[in-house]
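One letter stands for each residue in the lines below.
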Amino acid sequence: MSSFKVQYTVDGEDFSIAGDASRKLKKVLQNLGVAPQIIRKATVAMYEGEINMVIHADGGVIDVEITPEKIHIFLRDKGPGIPNVSLAMTEGYSTASDNVRELGFGAGMGLPNMQKYTDYMNITTEVGVGTTIEMIVNTAV
Amino acid sequence: MKLKTVVGLLDAKVLGSSYDDNKEVLAACGSDLMSDVLAFVKDQALLLTGLVNSQVVRTAEMMDMKAIVFVRGKVPGDDIVSLADEAGIAVLSTQLPLYISCGKLYCEGLYK
């Protein structure tokens with residue numbers, strides 16, 4: 001398998017279709033023959049990121065590069081940015097609205113889950129400008 | 001535990017077309033918080049929830065879950081059932097509350 005790239009645009013207007021990009025990535029990875037447990041790690045991490053994009057940043061763009069060694073995911077948004085990254089990484093900390101919580105999210109587990117399921121994660125953010133999250137999942141089982 | 005047993009224990013109604021009597025689940029997770037579900041790593045799992053929206057199906061799909069039980073008499077709309085069918089996830093609905101549903105399944109051996 002050589003390098004394979006895909007890009008997804010995340011619509012920030014419609015919560016009901018949030019997760020569509022992660023679902024599409026799952027199918028791509030299945031078609032490429034990636035191991036199921038690796039697919040789960042990559043798609044759950046991306047799904048949490050995708051949900052965050054919709055909840056906090058009015059959508060964004062996700063680029064994924066798949067190589068024989070790793071799945072490299074970049075989530076980019078032009079949202080409000082994260083004022084305190086270490087606080088945002090704390091399990092249970094959330095700035096989501098009650099409306100989002102009623103939909104089953106905003107429990108403050110998004111970023112911790114993303115870190116849990118990836119082998120590398122880096123957050124670059126600037127208040128008022130946006131956030132980029134880079135994640136790597138190694139494909140070796 | 002086979003889904004047929006789950007249906008019997010919870011007196012559940014089967015929705016959609018992905019149900020199979022012999023489909024087996026090895027673990028279960030009961031929650032209305034999808035991020036908690038996403039932190040739950042078990043193979044061939046069953047999700048029990050009182051939350052009804054498309055993200056329940058998306059979450060189950062990302063976690064490779066085999067079936068969803070909507071508790072407290074919640075019945076998902078056709079759009080949600082169709083989404084689950086596309087993902088091959090069985091959909092059940094029970095009148096029982098979440099606590100009782102989990103308890104019944106646990107007592108019958110679904111506690112991996």
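Calculation criteria
Residues numbered from 1 in each chain as written. Chains lettered and ligands numbered in written order. Predicted model: local features only at pLDDT ≥ 70, side-chain atom pairs only at ≥ 80, totals over all residues. Heavy atoms only, no water. 1 Å grid on protein atoms, 1.4 Å probe; cavity = no way out; pocket = protein on both sides within 12 Å on 5 of 7 lines; lining within 4 Å. Points joined across faces, edges and corners; volume = space filled by probe spheres on them. Helix = DSSP H or I, 4+ residues; strand = E, 2+ residues; numbered from the N terminus. Nonpolar A, V, L, I, M, F, W, Y, C, P; charged D, E, K, R; others polar. Axes fitted to C-alpha atoms, helices over the stretch in contact; angles between N-to-C directions. Parallel < 35°, antiparallel > 145°, perpendicular 65-115°, else oblique. Left-handed = near helix turned anticlockwise from the far one by under 90°. Contact = heavy atoms within 4.5 Å. Buried < 20%, exposed > 50% of the residue type's maximum accessible area, 1.4 Å probe, protein only. Right-handed = clockwise from strand over helix to strand, strands pointing away. Pairing = 2+ DSSP bridges. Buried area = accessible area lost by both parts, 1.4 Å probe. Salt bridge = Lys/Arg side-chain N within 4 Å of Asp/Glu carboxyl O. Polar contact = N/O pair within 3.5 Å; in protein donor to acceptor, adjacent residues only side chain to side chain.

Colleague: Go over the layout of surface pockets with me, naming the residues and quoting the values.
Modeller: Residues and elements named next belong to chain A. The space that makes up the largest pocket amounts to roughly 560 Å³. Taken together, 33 residues make up the lining of the largest pocket; nearest its centre are N52, H56, I82, T95 and L111. Here the element with the most residues in the lining of the largest pocket is helix α2 (residues 36-57); it accounts for 8 residues. Considered class by class, the residues forming the lining of the largest pocket number 18 nonpolar, 13 polar and 2 charged.

Colleague: Help me get a handle on the packing of α2 of chain A against helix α5 (residues 110-117) of chain A, residues and values and all.
Modeller: Residue and element names in this part refer to chain A. Their axes nearest at 8 Å, the elements α2 and α5 cross at an angle of 155 degrees. Judged by the inter-axis angle, α2 sits roughly antiparallel to α5. Pair α2 / α5 crosses with left-handed handedness. Residues K41, V44, A45, E48, G49 and N52 of α2 lie in contact with α5, whose contacting residues are G110, L111, N113, M114 and Y117. Taken together, the residues of the contact of α2 with α5 sort by class into 5 nonpolar, 4 polar and 2 charged.

Colleague: Pulling in residues and values, what's your account of the pairing of strand β4 (residues 67-70) of chain B?
Modeller: All names here are of chain B. Burial of β4 is two-sided: the residues A67 and V69 facing one way and the residues I68 and F70 facing the other way are all buried. With respect to chirality, the unit in which strand β3 (residues 45-49) leads through helix α3 (residues 54-62) into the neighbouring parallel β4 is right-handed. Of the pairings in the sheet, the one linking β4 to strand β5 (residues 90-93) comprises 4 bridges and is parallel in character. Looking at β5, one finds that A67 is bridged to A90. With helix α4 (residues 78-86) bridging β4 and the parallel β5, this β-α-β connection has right-handed handedness.

Colleague: Outline the pairing of strand β2 (residues 27-30) of chain B, supporting the account with residue identities and numerical values.
Modeller: Residue and element names in this part refer to chain B. Residue alternation in β2 divides its side chains into a buried set, A27 and C29, and an unburied set, A28 and G30. Strand direction decides the pairing type here: β2 and β3, joined by 4 bridges, are parallel. Residue pairing for β3: C29 is matched across the bridge by L47.

Colleague: With reference to specific residues and values, describe the sheet that holds β2 of chain B.
Modeller: Residues and elements named next belong to chain B. With mixed pairing, the 5 strands of this open sheet are ordered in space as β1-β5-β4-β3-β2. The sheet is open, and its two edges are formed by β1 (13-15) and β2, each paired on a single side. This sheet shows a mean twist of 25 degrees between the axes of neighbouring strands, independent of strand direction. The sheet strands contacting α3 are β3 and β4, and the helix crosses β4 at an angle near 150 degrees.

Colleague: Help me get a handle on the interface of chain A and chain B, residues and values and all.
Modeller: At the junction of the two partners, chain A supplies 26 residues and chain B supplies 23 residues. When the two sides are added together, the surface that chain A and chain B hide from each other amounts to roughly 2000 Å², 47% of it contributed by carbon and sulfur. Broken down residue by residue, the surface that chain A buries against chain B is led by R23, R40 and Y47 of chain A, which jointly contribute 33%. The interface formed by chain A and chain B contains 6 salt bridges. Viewed at the interface, chain B and chain A are joined by 18 residue pairs in polar contact (both at pLDDT 80 or more). For the side of chain A that touches chain B, the secondary-structure elements that each account for two or more residues are α1 (20-31), α2 and α5 of chain A. Per-element accounting of the side of chain A that touches chain B gives the leading share, 7 residues, to α2 of chain A.

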